[in-house]
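Tertiary structure, described
Listed here are the chains, written in short residue letters.
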Amino acid sequence: MLDIWIGGVNLTALMLAVSVAIVLPVQLLLCFKVKSRRFRCMPVIIFFLAAAANILLYMALSGWRRLIFLVGAIYMGWMMLMCGAGWVIWAVVKRKEGML
């Protein structure tokens, strides 16, 4: 569905790799090492704001330019899903330790 190529690079595969290799470990690091809930939620807030901006631009534009922002919103949604996966992993580990 999102088979988007820029040059010889598959953009969807690149975004999935970035979200698994960077976003998930950063969210896990924040969950386990940072006490402040505000800082733990910062990646989700940033990705949510980026997705909201993409959706607003999608609604404001017309023609094929809208497609770029729709795909951007989908990618930001995937990044938020990876942050949620980090929260789930953190909760499972804390539950196993008996600390949640």
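Refer to the structure presented above.
A brief look at the structure comes next.

About the criteria used
Residues numbered from 1 in each chain as written. Predicted model: local features only at pLDDT ≥ 70, side-chain atom pairs only at ≥ 80, totals over all residues. Heavy atoms only, no water. Salt bridge = Lys/Arg side-chain N within 4 Å of Asp/Glu carboxyl O. Helix = DSSP H or I, 4+ residues; strand = E, 2+ residues; numbered from the N terminus. Buried < 20%, exposed > 50% of the residue type's maximum accessible area, 1.4 Å probe, protein only. Phe/Tyr/Trp six-rings, centres within 6.5 Å; stacked < 30°, edge-to-face > 60°. Lys NZ or Arg CZ within 6 Å of the ring centre and 35° of its normal. Patch = residues over 30% accessible without salt bridge, like charges linked within 9 Å, V, L, I, M, F, W, Y side chains within 5 Å. Areas by Shrake-Rupley, 256 points an atom, 1.4 Å probe, with all protein chains shown as cover.

We now examine the pattern of salt bridges. Tallied over the entire structure, the rule returns one salt bridge. In this structure, the salt-bridge partner of Glu 97 is Lys 94, at a minimum N-O distance of 3.9 Å. On the criterion of helical spacing, the pair formed by Glu 97 and Lys 94 is a turn pair, its members being three residues apart in helix H4 (residues 65-97). Looking at Lys 94, the relative accessible area reads 19%, which means it is buried.

Let's shift gears to the packing of aromatic side chains. Within a pair of aromatic rings, the relevant descriptors are the distance that separates the centres and the angle that separates the planes. For the structure shown, the criterion picks out one aromatic pair. Where Trp 87 meets Trp 90, the ring centres are 5.7 Å apart and the plane angle is 80°; that geometry is what we call edge-to-face. You can see Trp 87 and its partner Trp 90 sitting in helix H4, three residues apart, about one turn around the helix. Of the residues examined, Trp 87 reaches a relative accessible area of 22% and is grouped as partly exposed. Since its relative accessible area comes to 13%, Trp 90 is described here as buried. Just above the ring of Tyr 58 sits the side chain of Arg 66; from NZ or CZ to the centre is 4.1 Å.

On the surface, Trp 64, Leu 67, Leu 70 and Ile 74 cluster together into a nonpolar patch covering about 430 Å² of accessible area. Its place among the elements puts Ile 74 in helix H4.

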